[in-house]
Amino acid sequence: MTPATELIHLDDHGLYCPAGDFHVDPWRRVPRAVITHGHGDHARPGMGHYWAEASGLPILRKRLGRYAPIDGVAYGEPIPFGDVTVSLHSAGHILGSAQVRIEHEGRVWVVSGDFKRDADPTCPPFEVVPCEVFITEATFAYPVYRWPEGRDVAGEIHAWWQECAAAGRPAVLFSYALGKAQRILAELTHYTDAPVLLHGAMVDLVQIYRDAGVSMVPTTPVSDLGRKTDFAGRLVLAPPSAAGSKWLRRFKNAATGFASGWMQIRGNRRRRGYDRGFVLSDHADWPSLLQTIEDCGARRVLATHGNTDVLVRHLQELGIDAGPLRAPYGDAEDASQDEESIGGSGDESNTGDA
Amino acid sequence: MRAFARLYERLDATTSTRAKVTAMADYFQHVPAADAGWAVFMLSGKRLKRLIGAAELRSWIAARSDVSPWLFEESYAHVGDLAETAVLLLADDERERRDLELSLAELIEDRLLPLRGSDEATRYAAVCDLWARLPIEQQFVCNKILTGAFRIGVSQRLLVRALEQASGIEDTVLAHRLMGHWEPGAAFYERLIAPDDGEADVSRPYPFFLASPLEEAPERLGHPVDWLGEWKWDGIRAQLVRRAGGCFIWSRGGELMSGRFPEVEAAAEPLPDGTVIDGELLAWRDDTALDFSLLQRRIGRKAPGATMLAKAPVHLMAYDLLEADGVDLREAPLQTRRKRLTGLVAACEDILLSPSVTAADWDGFSALREQARGRGAEGLMLKRLDSTYQVGRRRGDWWKWKVTPHTVDAVLIYAQAGHGRRSNLFTDYTFAVWDGSELVPIAKAYSGLTDAEIAELDRWIRRHTRERFGPVRSVEPTWVFELAFEGIHPSPRHKSGIAVRFPRIQRWRRDLAIDAADNLDDMRRLITD
């Protein structure tokens, strides 16, 4: 299992394909980068050239700059890298998120990127791509993670909002600014058409989703409202980084909530001190991870990003050839010792959208 | 069960003591007496004994959820709570309809208690029936009852306050009625909230008067001749109540400690009925205070054995006389109370009188204060000679003037494994104080505990982890530690707004409940430079 025989291996810049001479989601500067999606720990600035799924381009432009050299590629469209053919396939994670299919001399590997199988009105569903080797994320790879339906969770959020309104309180819901916020706004259309207020970090991203044709409840930037506004009864979406900030003080007597897969665990809910936790994740839960591995028919699975050890051992028990593909980023168990970064505080997949 | 699960959720969702009391009071007012009785039992931290072992329960959860034993253990380690792990692993079990409606008393009396002594197959079947048929939102609490680990940050004092709010019965009467052994049930609860028939009057203590830390120069207090100096002893503040032939010892936290210090009760024998003494329990031998750690070993012992009594003999160091001949003396000036106290204590060989410390001027007091450590004291107390005995912490008449460094009683909230020799052992702790009803971190401390204490705390942390991510674990706020530090200054970088210099652990205050920890305002007041 030396790197030379592997279609993809880890080098100190990221996932590298020697046969095609490109990286997937590199974290250091490389000449050629195939990007799975626009979250900050996957799309980093400074690469020589980028390839990414076309519908996610506005997100990447916002993150990487207007003039970043990015080729937008449609799902399924082949991209030649020498003898290697790459194509992008829907990962169901956020708008424009993709799995990377890599074909070389009859061999097919797939890098999942971040993905989920749950219904999400803001992006096309996950596509099963048959492959020999599947490199999977493992953020929530414990059997305790099983997601409820996103639409039901939005129903809980709506009910909580109404409770807060009845009590004359603003409801401040923290969620990642890219992906999660838009998914909540889209799912809320099943319950209401009342406007939701947005933290400044979300305004452009919500507009990008609207421009892509995603139907969401109406939104108003908080900054459009005067300082003296009475926020009682309003729902405010804000990124987790706004928790405890001065910005938050204007929402007097606010109830706070957090929408994240980590909220499945009571200890996380308690430690973060939010009044409510809503279990909503854009990553695969345990049953989805197993289902996906079965569906794609891989004879070998490499796990990265998260709780790889547990998934690897479980797959091995099922008779699947599995191993960890350790990445120096986004490994929850190796997270820095800084208290704030623990508990998935950045994004579920670490620094996330910020 | 529905109501009790809801109560648990409400208690779990808040750190505000007031909100907790309200939630409990609501519950007690709305459920049948039988449920309320069992709720009091659970909230008191009592457990159903000899029901189901933890190891047994773990193997059942693994079997029922159909995950490998190692995967179950990994999941449990990840979640950090057995009851919750069971809920998460068994949540999608749709083998039965979740239509089982039980009251708390029915669950315990009809379903759980009959399992005592039955064989494993019977018990497994009964528990699986609950797992399959109880509504999901009740599973967690049910599992908590099964595991016996029913900790939810409710102290006895909060429970008593809630019961007082719900029933209108005075807290001391309730505390008295909750003493000793009782069998929960409707009859118990009805008796608990029955009108006061005076049975508790005999034991009832007075609210404690607490000194405030002296932060300014003592010269500001006026002339030393108006003040009584005493050593600030380092033990357990207590009231000894001697009435109607009985002897009752109360802690500052409102806990009745009778029976735990038989030598003190014996020493109080000569005191006449109608006497209440405020003082400090100290481990004491040959005119010397013994180390606090010895006293600590006595705290948890409800009935100490002869060896323990010999190793850590406890005495009462009398400070004040609150009642004599059945008359409340609290409005009398301190010098009068002290004179009468001196006379009373003279008749009791084994009750110590807190010696008065005198000096001609404040410099003299200051010099004496520096000797406090050598006498097993923490500093000086300064009490205005004409002060009445007031309620709670009132600034002005009683000051505690500790030797440097500053100290603070703070609550352990996070722990992290150390490195090197201490790797894989939780030795790096984060402590918090109260800011209103919230615990705010104020310091990390790594040193000060003995190896034995570290090992004990490590075991406790592993069993009481709320959650874990990477190296840090948060724990149920349970233990108070006295931290010492050299200086304190404002720090906008910290959530608390303050930073302390060289914090270290002075001592594990097992005798303090978390609501006795210090608050942020008091710490801010220490900021001088």
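Here the structure is a predicted model, which is why all the values come from computation and not from measurement.

Peer 1: So what's going on with the layout of surface pockets? Which residues, and what values?
Peer 2: Residues and elements named next belong to chain B. In this structure, the second largest pocket occupies an estimated 530 Å³ of space. Split by residue class, the lining of the second largest pocket holds nine nonpolar, six polar and ten charged. Of the domains in this structure, domain 2 (209–391) and domain 3 (406–525) are the two that each give at least three residues to the lining of the second largest pocket.

Peer 1: Break down the pairing of strand 5 (residues 246–251) of chain B for me, with residues and values.
Peer 2: Residue and element names in this part refer to chain B. Judged by how many residues are buried, strand 5 sits mostly within the fold: six of six residues are covered. Both faces of strand 5 are covered, namely the face carrying Gly246, Phe248 and Trp250 and the face carrying Cys247, Ile249 and Ser251. Alignment of strand 4 (residues 236–243) against strand 5, held across six bridges, turns out to be antiparallel. Within the sheet, the bridge partner assigned to Arg243 lies in strand 5 and is Gly246.

Peer 1: Just give me the short version of empty space enclosed by the protein, but keep the residues and values in it.
Peer 2: Residues and elements named next belong to chain A. Enumeration according to the criterion identifies eight cavities of 30 Å³ or more in this entry. Each pocket or cavity is described by its volume, and for the second largest cavity that value is around 100 Å³. In this structure, the second largest cavity is lined by 15 residues; those nearest its centre are His42, Val111, Gly113, Thr304 and His305. Among the elements of the structure, strand 11 (133–138) and strand 18 (300–306) are those that each provide at least two residues to the lining of the second largest cavity. Ranked by residue count, the leading element in the lining of the second largest cavity is strand 11, at three residues. A class-by-class count of the residues in the lining of the second largest cavity yields five nonpolar, seven polar and three charged.

Peer 1: Outline the nonpolar core, supporting the account with residue identities and numerical values.
Peer 2: Formed by 136 residues in total, the largest nonpolar core has its most connected members in Phe4, Met24, Phe28, Val40, Leu112 and Ile145 of chain B. Of all the elements, helix 3 (residues 33–43) of chain B adds the most residues to this core, at nine residues. When near neighbours in sequence (up to four residues on either side) are disregarded, Phe28 of chain B contacts Ala36, Ala39, Val40, Leu43, Leu159, Ala162, Leu163, Ala166 and Tyr189 of chain B. Formed by 33 residues, the second largest nonpolar core is a distinct cluster that contains Leu95, Val153, Ile184 and Leu205 of chain A.

Peer 1: Can you tell me about the packing of aromatic side chains, naming the residues and giving the values?
Peer 2: Counted under the stated rule, the structure contains 32 aromatic pairs over all chains. Between Tyr145 of chain A and Trp147 of chain A the ring centres are 5.7 Å apart and the planes differ by 55°, which places this aromatic pair in the tilted class. Residue Tyr145 of chain A is classed as buried on the basis of its relative accessible area, which comes to 0%. Here Trp147 of chain A falls in the buried class, since its relative accessible area comes to 11%. Geometrically, the ring pair formed by Phe209 of chain B and Trp398 of chain B is tilted, given 4.4 Å between the ring centres and 35° between the ring planes. One end of the pair, Phe209 of chain B, is in strand 1 (residues 209–210); the other, Trp398 of chain B, is in strand 14 (residues 398–402), with 189 residues separating them in the sequence. Neither residue differs from the other here; Phe209 of chain B and Trp398 of chain B are each classed as buried. Through successive ring pairs, a cluster of aromatic residues spans Tyr429, Phe431, Trp460, Trp479, Phe481 and Trp508 of chain B.

Peer 1: Got a sec to walk through the confidence of the model for chain B? Specific residues and values, please.
Peer 2: Model confidence for chain B is summarised by a mean pLDDT of 87, while 95% of its residues fall at 70 or above. Listed scores for the predicted complex are pTM 0.68 and ipTM 0.87.

Peer 1: Before we move on, could you go through helix 9 (residues 136–147) of chain B and cite the residues and values that matter?
Peer 2: Residue pairs spaced three or four apart in an α-helix point in one direction, given the helix's 3.6 residues per turn. All names here are of chain B. Over its twelve residues, helix 9 runs 17 Å from end to end, which matches the ideal 16 Å to within 8%, given 1.5 Å per residue. Of all the twelve residues making up helix 9, ten are buried; the element is thus mostly covered by neighbouring parts of the structure. Within the sequence span of helix 9, burial applies to Gln138, Gln139, Phe140, Val141, Cys142, Asn143, Lys144, Ile145, Leu146 and Thr147. Downstream of helix 9 by a residue or two, Gly148 has a phi angle that is positive, lying close to 80°.

Peer 1: Tell me what's going on with the pattern of salt bridges, and back it up with residues and numbers.
Peer 2: Between side chains of opposite charge, a pair can form when the charged atoms approach closely. All names here are of chain B. Applying the stated rule across the entire model yields 45 salt bridges over all chains. For Asp325, the salt bridge is made with Arg340, and the minimal N-O distance between the two is 3.3 Å. Of this pair, Asp325 sits in the loop between strand 8 (314–324) and strand 9 (327–328) while Arg340 is found in helix 16 (residues 334–346), placing the two residues 15 residues apart along the sequence. Under the relative-accessibility criterion, Arg340 is labelled partly exposed at 37%. Note that Arg330 and Asp328 form a salt bridge whose closest N and O atoms lie 2.9 Å from each other. A residue is classified by how much of its surface remains accessible, and Asp328, at 37% relative accessible area, is partly exposed.

Peer 1: Explain the sheet that holds strand 12 (residues 377–384) of chain B to me, and be specific about the residues and the numbers.
Peer 2: Residue and element names in this part refer to chain B. Spatially, five strands are ordered 2-14-12-3-11 in an open sheet, and the strand pairing comes out mixed. Here the strands that pair on one side only, and so sit at the sheet edges, are strand 2 (212–213) and strand 11 (356–357). Bridge analysis of strand 3 (residues 227–233) against strand 12 gives six bridges, and the strand direction is antiparallel. Counterpart to Leu228 in the pairing with strand 12 is Lys383.

Peer 1: Outline the pairing of strand 11 of chain A, supporting the account with residue identities and numerical values.
Peer 2: Residue and element names in this part refer to chain A. With respect to burial, strand 11 is a largely interior element, six of its six residues being buried. Burial along strand 11 is two-sided: Val133, Ile135 and Glu137 facing one way and Phe134, Thr136 and Ala138 facing the other are all buried. As paired elements, strand 10 (residues 107–111) and strand 11 share three bridges and run parallel to each other. Residue pairing across strands places Val111 opposite Ile135, the latter belonging to strand 11. Across six bridges, the pairing between strand 11 and strand 18 is parallel. Residue pairing across strands places Phe134 opposite Val301, the latter belonging to strand 18.

So, how was this worked out
Residues numbered from 1 in each chain as written. Chains lettered and ligands numbered in written order. Predicted model: local features only at pLDDT ≥ 70, side-chain atom pairs only at ≥ 80, totals over all residues. Heavy atoms only, no water. 1 Å grid on protein atoms, 1.4 Å probe; cavity = no way out; pocket = protein on both sides within 12 Å on 5 of 7 lines; lining within 4 Å. Points joined across faces, edges and corners; volume = space filled by probe spheres on them. Nonpolar A, V, L, I, M, F, W, Y, C, P; charged D, E, K, R; others polar. Domains from an automatic or database assignment. Buried < 20%, exposed > 50% of the residue type's maximum accessible area, 1.4 Å probe, protein only. Helix = DSSP H or I, 4+ residues; strand = E, 2+ residues; numbered from the N terminus. Pairing = 2+ DSSP bridges. Core = buried A, V, L, I, M, F, W, Y, C linked by side-chain atoms within 4.5 Å. Contact = heavy atoms within 4.5 Å. Phe/Tyr/Trp six-rings, centres within 6.5 Å; stacked < 30°, edge-to-face > 60°. pLDDT = per-residue confidence, 0-100. Expected span 1.5 Å × (residues − 1). Salt bridge = Lys/Arg side-chain N within 4 Å of Asp/Glu carboxyl O.

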